[in-house]
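Chain and residue survey
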Number of protein chains: 2
Amino acid sequence: MAEEVKLFRNWSSPYPLRVVWALKLKGIEYEEVFEDLSNKSSLLLKYNPVYKKIPVLVHNGKPICESLLILEYLEETFKQYPLLPQNPHQRATARFWANFADEKILQAMRFDVLSKQGREQEEAIVSIKEKLKYLEEELKGKKFFGGESIGLVDLALGWIAYYLNIIEEIIGVKLVDQEKFPLLMAWIQQFSNIPIIHENWPPRDKLLDRYSGFRKAALGEDTPK
Amino acid sequence: MAEEVKLFRNWSSPYPLRVVWALKLKGIEYEEVFEDLSNKSSLLLKYNPVYKKIPVLVHNGKPICESLLILEYLEETFKQYPLLPQNPHQRATARFWANFADEKILQAMRFDVLSKQGREQEEAIVSIKEKLKYLEEELKGKKFFGGESIGLVDLALGWIAYYLNIIEEIIGVKLVDQEKFPLLMAWIQQFSNIPIIHENWPPRDKLLDRYSGFRKAALGEDTPK
């Protein structure tokens, strides 16, 4: 049967990027549907009526929502280039860190570190560095979170390898440095070196504009930048 | 090899209850370690250093944290009494609703519906009923969320079948009624009728006290009850 795979995404969000990478790593042909999130298509609303969010993967007409669940689905459906190890305990550990990446890092980076100022921002920075320390620990003795090759956790955290530097530039604070995060710095480099990864980054200038806009909007437009 | 399975839990939380049910449904022998969450054991802190929370399952010395990840682990490790269907799309759908149960229902019930008053509580009640409507829809044509037998979503949402009525009693508002939620009401009954489910509910009076205490603490002790 000819597989029909469609990915509803936008150009800038880290969430669909995980799915893009997984599809390409697994060598799955797919069609991309770019959504304007300020004017969502009726198809997106039909496929994800609960959250109305991207990404949505539609495989042979059936929608799957939420980026980490899409990765699990792809893993179960397309066996080539496994994203998870075989061992159930190692699988549970990978899922733990992928959830951690969403719940403790991604949201905090976007809504606290990037979108606050003064004392609140300082506290958010202390907090995010504590969280990042767990990732530094997790990389001990490994090239990637997935071991010798990239896996679920690398894809879940992969946005950091590109977006972190943009956030640092906007707020004027270095969050991850060579002295305190040598393994994370090495991982950022090695992860970014993989062609499928860096070939799919959004344009940097455009992303810098967009994330500056997020900060400006969060702080109120009349706040000095 | 003799399997050594330990579950770190407390007596009242809905999260470890999911794991208790899964272990019993799968017929796995295990030992329970009851934690006093105001004075956590060094073992709990060792096994779950990131979140320091229950439940933790320790299988042959290796810890697995987070209740939904523990269910996935049990599913992969002990094949008897499957909690997830075989079909990848149905598996993704079950995981979607299990996450929804955590992110949109459990937290909102405990921290908004139970812990607010006045206008804020009214808004929380409107909001939770909208969320519960999705579950009502999901039950159409099915006995359980899992179909003919209980599965991942039933275990994730199962606490409702017992705790909902306690919350309703404390706040003096009926959240789920026969007229608007006939399928959810039928599910509550059928789910509670399963011996492994109702044999493991915490004592009702004690739970009522505890949840009253949550509300009192959230509103400030001098607030009229």
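Residues numbered from 1 in each chain as written. Chains lettered and ligands numbered in written order. Predicted model: local features only at pLDDT ≥ 70, side-chain atom pairs only at ≥ 80, totals over all residues. Heavy atoms only, no water.

What follows is about the pairing of strand β3 (residues 56–59) of chain B. Residues and elements named next belong to chain B. The two faces of β3 match: V56 and V58 on one face and L57 and H59 on the other face are all buried. Strand direction decides the pairing type here: strand β1 (residues 5–9) and β3, joined by 4 bridges, are antiparallel. By the bridge assignment, K6 is partnered in β3 with V58. Once β3 ends, the chain turns through 2 residues before running back antiparallel as strand β4 (residues 62–65), passing N60 with a positive phi of about 50°. (Buried < 20%, exposed > 50% of the residue type's maximum accessible area, 1.4 Å probe, protein only. Helix = DSSP H or I, 4+ residues; strand = E, 2+ residues; numbered from the N terminus. Pairing = 2+ DSSP bridges.)

Attention shifts here to helix α3 (residues 67–77) of chain A. The buried fraction of α3(A) amounts to 10 of the 11 residues, a majority that puts the element mostly inside the structure. Of all the positions in α3(A), only A:S67, A:L68, A:L69, A:I70, A:L71, A:E72, A:Y73, A:L74, A:E75 and A:E76 are classed as buried. Structurally, α3(A) contributes buried residues whose contacts are with α1 (14–25), β3 (56–59), β4 (62–65), α4 (88–113) and α6 (152–157) of chain A together with α4 (88–113) of chain B. (Contact = heavy atoms within 4.5 Å.)

Residues and elements named next belong to chain A. Within the open sheet, the 4 strands sit side by side as β2-β1-β3-β4. Their pairing is mixed. The strands lining the two open edges of the sheet, one partner per strand, are β2 (31–34) and β4. The sheet shows a mean angle of 20° between the axes of neighbouring strands, taken without regard to direction. Contacts between α1 and the sheet are confined to β1 (5–9), β2 and β3, with β1 contributing the most and set at about 155° to the helix. (Axes fitted to C-alpha atoms, helices over the stretch in contact; angles between N-to-C directions.)

With that settled, the discussion passes to the pairing of β4(B). The pairing of β3(B) with β4(B) spans 4 bridges and is classified as antiparallel. Bridged to B:V58 within β4(B) is B:P63.

Another point: the packing of aromatic side chains. Residues and elements named next belong to chain A. On inspection of all chains with the given rule, the structure shows 32 aromatic pairs over all chains. For the ring pair W97 and Y134, a centre distance of 6.4 Å and an interplane angle of 40° mean the geometry is tilted. Here W97 is found in helix α4, whereas its partner Y134 is found in helix α5 (residues 118–138), with 37 residues between them in sequence. With 5.3 Å between their ring centres and 70° between their planes, F145 and W187 make a pair best called edge-to-face. (Phe/Tyr/Trp six-rings, centres within 6.5 Å; stacked < 30°, edge-to-face > 60°.)

Our focus in this paragraph is the UniProt feature "domain: GST N-terminal" (unreviewed entry) in chain A. When the UniProt feature table is mapped onto this chain numbering, "domain: GST N-terminal" (unreviewed entry) sits at residues 3–82 of chain A. In the segment residues 3–82 of chain A, helix accounts for 36% and strand for 21%; the C-alpha atoms at its two ends are 19 Å apart. (UniProt positions renumbered as here; feature names shortened; annotations may be inferred.)

Turning to the layout of surface pockets, a few remarks are in order. Reported here for the second largest pocket is a volume of approximately 480 Å³. Forming the walls of the second largest pocket are 18 residues, and the residues nearest its centre are A:E76, A:R91, B:E76, B:K79 and B:R91. Those elements that place two or more of their residues in the lining of the second largest pocket are α3 and α4 of chain A together with α3 (67–77) and α4 of chain B. Split into classes, the residues belonging to the lining of the second largest pocket amount to 6 nonpolar, 2 polar and 10 charged. (1 Å grid on protein atoms, 1.4 Å probe; cavity = no way out; pocket = protein on both sides within 12 Å on 5 of 7 lines; lining within 4 Å. Points joined across faces, edges and corners; volume = space filled by probe spheres on them. Nonpolar A, V, L, I, M, F, W, Y, C, P; charged D, E, K, R; others polar.)

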